[in-house]
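Residue strings, one per chain:
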Amino acid sequence: MYKLHRTCRACGYGPKPKPPGIKSQDSERLQSVLSLGIHPLANDFCGENDVHAGFAPLELLRCPACGLAQLSIVVSPEVLYRNYHYVTSNSEMMAKHFVTLYRLICEEEAPNSILEVGSNDGKFLAFCRSQGTQQLLGVDPAENLSRVAVQNGIPTICGQFENQVASAMAPADVIVARHVFCHIDNWNEFIRACGNVSRKTTLIVLEFPYVRDLIDNCEFDTIYHEHLSYASYGAIKALLRKSDFHIHSIQHVQIHGGSVVIMLRRNDSGHAPDAHSLQLVEWEKITEDDWRQFSTRALEKIKSLQETVKNLRASGATVAGFGASAKSTVWMNCCGFNRADIQFICDNTPLKQWKFSPGTNIPITDEGALLRELPHFAVMFAWNFETEILKKQSRFRETGGKFIVPCPGVRMV
Ligand code: TMP
Ligand code: ZN
C-alpha cells in the first residue's frame, strides 16, 4: 500500500543506495520533525458496506540541505485516488481566488491556451473559458471527476500527467498546477513533462500551500497522505537547479490556509525574473527550531480540542462537526473521537454525504443538519473558510449555537 521515501524530493539529499553487503552509514538522513501515528487516508469516505483502503503512518521529515518537508512514505496513487472525495470548492472564497489567479496569469501572458494538471472536476478551466480562453485541456487521475469535467464541456484526459500523458500533448501558453504539485512524488519527472509540453514562452504556474503558513498557524491538520511535500521557496529553487526552468515570480494568496503562486519560466525565455521575488527566496528562513515549536504546538492543539470536547460532552452539551474536509479526518484520528464525542459532521459535498468519516463511525450529513439537529457546538473543520461559514451559518449562532474553530488556536466563536 505504501513505500518508504528517504531522499529529498527537491535536492536528492538522503542515504545513498549501497551495493549489496556494504553497510549503510546513513550519515545523510532526513530529520523527523513530527509523527502523528497511524492514520486512515483522509479522503477515504466510505459507506456502510464499503471496504476502506487501510491505514498508514503520518510522519514528517525535513531536509537539512534545502529545507523541504516531506512525508516519510508514499501511499501508492492507485490506492490513494481510487475512492477520492476532494472536489474543488464551490465557495465564494474559491470563486474570488479564481479571479485573482486568472488576473495574475493575464498580467504575464495572454492565455490563449491553458493546460491544467490536476484539473479535478474542471471548475477552474470552466472559469478560464468564461473569461475568454478557448483552448483548454485538463489532466486528472480521478476517473469520477474527469467524467464530470467532460460532461461540463471541459476536454479532460484521465491519467497521470508526468507519465506518458505529457508527451502526447501540444505545447500550451500556460500550464497550471493548482494544489497538485505537492501530491506528486517524482518532481523531476513533473518538471521534465512540463518541458515536453512547453515552448520558449510558456508560463508554468504552481500553486501550493506555503510551508511558512503551515508553521506559523500550526496547520498540522493539512498533513495527510495526499500531501507528500510541504514546500518552501528554497526547495523549489533547489529542485530547479539542474532543470531548464527558474523561478520567475512569487505571489502569496489566502486560499487553503495560505498558499503561494510561483510562476516558472524557461531559462531560454528571455524574461527577467521579478527582483522582489528573488529577494523573497533569499530572505526565507525556516529553521529546525521552527519545526520543534510547530511540533509542540500541534500536540498541544490536539490535547486542547480533546479536552474541550470531552468537557462539553461531560456537561451534557452536544457537539457536531462542520465541514468534512480531509483536515477533519486528521483531527478525528489524532483526537481519537468517535460518535459519542462528535455526533455527525455536516458537509455540502454530495459525494461525501451519508458516508462515514475515515477511521471512525461518525456519519457525514448534509449541511442542513446543523439547523435541523441544532447541536450546542460545532467544530469548524473547514476553518480555511471561517469568514464565509460564519456569514452563511449566522442562523446557527442566532439560535444559541457556537462554533469551535481549531485554527490557528482552538477557540469558541
Ligand atoms: P477543503 O478545505 O479541503 O476545501 O474542505 C472544505 C470542506 O467543507 C468541503 O468538504 C466542503 C465543506 N464546506 C461546507 O460544507 N460548507 C461551506 O460553506 C464550505 C465553505 C465548505
Ligand atoms: Zn532537500
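Preceding this section is the structure that the text describes.
Draft legend 1. Geometry of the pattern of salt bridges. Taken as a whole, this structure holds 19 salt bridges when the rule is applied. Across the pair Arg411 and Glu386 runs a salt bridge, and its minimum N-O distance is 2.9 Å. Residue Arg411 is found in strand 19 (residues 411-412), and its partner Glu386 is found in helix 12 (residues 386-392); the two are separated by 25 residues along the sequence. Here Arg411 falls in the partly exposed class, since its relative accessible area comes to 31%. By relative accessible area, Glu386 is classed as buried at 18%. Residues joined by salt bridges that share partners form a network here, namely Lys3, Arg9 and Asp185.

Draft legend 2. Structural detail: the nonpolar core. Residues Phe161, Phe190, Phe220, Leu264 and Trp291 are the most contacted members of the largest nonpolar core, which totals 89 residues. With residues near it in sequence (within four places) discarded, Phe161 still touches Leu115, Val117, Val139, Ala166, Met169, Phe190, Ala193, Cys194 and Val197. Grouped together as the second largest cluster of nonpolar side chains are 22 residues, Tyr102, Phe127, Ile154 and Ile255 included.

Draft legend 3. Fine view of empty space enclosed by the protein. Tallied over the full model, the rule gives two cavities of 30 Å³ or more. Of the volumes computed, that of the largest cavity is approximately 70 Å³. Forming the boundary of the largest cavity are Cys182, Pro209, Tyr210, Val211, Leu214, Glu219, Thr222, His227, Ser229, Tyr230 and Ala231. When residues of the lining of the largest cavity are traced back to their parent elements, those giving at least two are helix 6 (211-216) and strand 11 (229-230). Looking at side-chain class alone, the lining of the largest cavity contains seven nonpolar, three polar and one charged residues. If you add up the space inside the second largest cavity, you get close to 50 Å³. Every residue lining the second largest cavity is listed: Leu41, Ala42, Asn43, Asp44, Ala53, Val79, Leu80, Asn83 and Glu226.

Draft legend 4. Broad picture of the site of ligand 1. Within the structure, ligand 1 sits among 17 residues, and Lys327, Asp347, Asn348, Lys352 and Lys392 are positioned closest to it. Interatomic distance of 3.3 Å between a side-chain N/O atom of Thr349 and an oxygen atom of ligand 1. Here an oxygen atom of ligand 1 sits 2.7 Å away from a polar atom, N or O, in the side chain of Lys392. Here ligand 1 has 490 Å² of accessible area as a free molecule, and 95% of this is covered by the chains. Looking at the shell around ligand 1 residue by residue, the classes come out as five nonpolar, seven polar and five charged.

Draft legend 5. View of helix 10 (residues 326-335). Of all ten residues that make up helix 10, nine are buried, and the element is covered over most of its length. Residues of helix 10 that are buried: Ala326, Lys327, Ser328, Thr329, Val330, Trp331, Met332, Cys334 and Cys335. The inward-facing, buried residues of helix 10 contact strand 2 (31-40), helix 9 (288-314) and strand 15 (345-346). Count one or two residues on from helix 10 and you reach Gly336, which has phi positive near 70 degrees.

Draft legend 6. Seen up close, the coordination of the zinc ion (ligand 2). The protein atoms donating to the zinc ion (ligand 2) are Cys8 (SG), Cys11 (SG), Cys63 (SG) and Cys66 (SG), with metal-donor distances spanning 2.3 to 2.4 Å. Angles of 101 to 115 degrees at the metal separate the four donor atoms of the zinc ion (ligand 2), which places the site in the tetrahedral class.

Draft legend 7. Broad picture of the environment of Met1. With respect to the secondary-structure elements, Met1 resides in the segment before strand 1 (2-4). By relative accessible area, which is 38% here, Met1 ends up partly exposed. Each C-alpha atom, one on Met1 and one on Arg313, is 37 Å from the other, the two residues being 312 residues apart in sequence. Not counting the four nearest positions on each side in its chain, Met1 is found in contact with Leu41, Ala53, Gly54, Phe55, Ala56, Val74, Val75, Ser76 and Val79.

Draft legend 8. The arrangement of the packing of aromatic side chains in detail. With the rule as written, the count across this model stands at 13 aromatic pairs. Seen from their ring centres, Phe98 and Phe124 are 5.2 Å apart, and the 65 degrees between their planes marks the pair as edge-to-face. Placement of Phe98 in helix 2 (residues 92-108) and of Phe124 in helix 3 (residues 123-130) is noted, with a sequence separation of 26 residues between them. In textbook terms, an aromatic cluster arises when at least three aromatic residues are bridged by ring pairs, as seen for Phe161, Phe181, Trp187, Phe190 and Phe208. Taking NZ or CZ as reference, Arg178 lies 5.7 Å from the ring centre of Phe124, over its face.

Draft legend 9. Broad picture of the packing of helix 2 against helix 3. Two elements in contact, helix 2 and helix 3, have axes whose closest approach is 11 Å; the angle formed by their N-to-C orientations is 60 degrees. The orientation of helix 2 relative to helix 3 falls into the category oblique. Remark: the crossing between helix 2 and helix 3 carries right-handed chirality. For the pair formed by helix 2 and helix 3, the contact residues are Phe98, Val99, Leu101, Tyr102 and Ile105 on the first element and Lys123, Phe124, Phe127 and Cys128 on the second. Residue composition of the contact of helix 2 with helix 3, grouped by class: eight nonpolar, no polar and one charged.

Draft legend 10. Geometry of the sheet that holds strand 12 (residues 245-253). Strand order in the open sheet made by the seven strands is 8-7-6-9-10-13-12, with mixed pairing throughout. Unpaired on one side and paired on the other, strand 8 (156-158) and strand 12 mark the two borders of the sheet. Sheet twist, expressed as the mean angle between neighbouring strand axes with direction ignored, is 20 degrees. Where strand 6 (residues 113-117) lies against strand 7 (residues 135-140), five bridges are found, and the strand directions are parallel. For Glu116, the partnering residue across the bridge sits in strand 7 and is Gly138. Helix 5 (residues 187-196) contacts strand 6, strand 9 (174-178), strand 10 (203-209), strand 12 and strand 13 (259-266) of the sheet and is inclined by roughly 105 degrees relative to strand 12.

Rules used in this analysis
- Residues numbered from 1 in each chain as written.
- Chains lettered and ligands numbered in written order.
- Predicted model: local features only at pLDDT ≥ 70, side-chain atom pairs only at ≥ 80, totals over all residues.
- Heavy atoms only, no water.
- Salt bridge = Lys/Arg side-chain N within 4 Å of Asp/Glu carboxyl O.
- Helix = DSSP H or I, 4+ residues; strand = E, 2+ residues; numbered from the N terminus.
- Buried < 20%, exposed > 50% of the residue type's maximum accessible area, 1.4 Å probe, protein only.
- Core = buried A, V, L, I, M, F, W, Y, C linked by side-chain atoms within 4.5 Å.
- Contact = heavy atoms within 4.5 Å.
- 1 Å grid on protein atoms, 1.4 Å probe; cavity = no way out; pocket = protein on both sides within 12 Å on 5 of 7 lines; lining within 4 Å.
- Points joined across faces, edges and corners; volume = space filled by probe spheres on them.
- Nonpolar A, V, L, I, M, F, W, Y, C, P; charged D, E, K, R; others polar.
- Near = heavy atom within 4 Å.
- Polar contact = N/O pair within 3.5 Å; in protein donor to acceptor, adjacent residues only side chain to side chain.
- Areas by Shrake-Rupley, 256 points an atom, 1.4 Å probe, with all protein chains shown as cover.
- Donors = N, O, S within 2.8 Å, 3.2 Å for Na, K, Ca; no water.
- Tetrahedral: all angles 85-135°; square planar, octahedral: opposite > 155°, others 65-115°.
- Phe/Tyr/Trp six-rings, centres within 6.5 Å; stacked < 30°, edge-to-face > 60°.
- Lys NZ or Arg CZ within 6 Å of the ring centre and 35° of its normal.
- Axes fitted to C-alpha atoms, helices over the stretch in contact; angles between N-to-C directions.
- Parallel < 35°, antiparallel > 145°, perpendicular 65-115°, else oblique.
- Left-handed = near helix turned anticlockwise from the far one by under 90°.
- Pairing = 2+ DSSP bridges.

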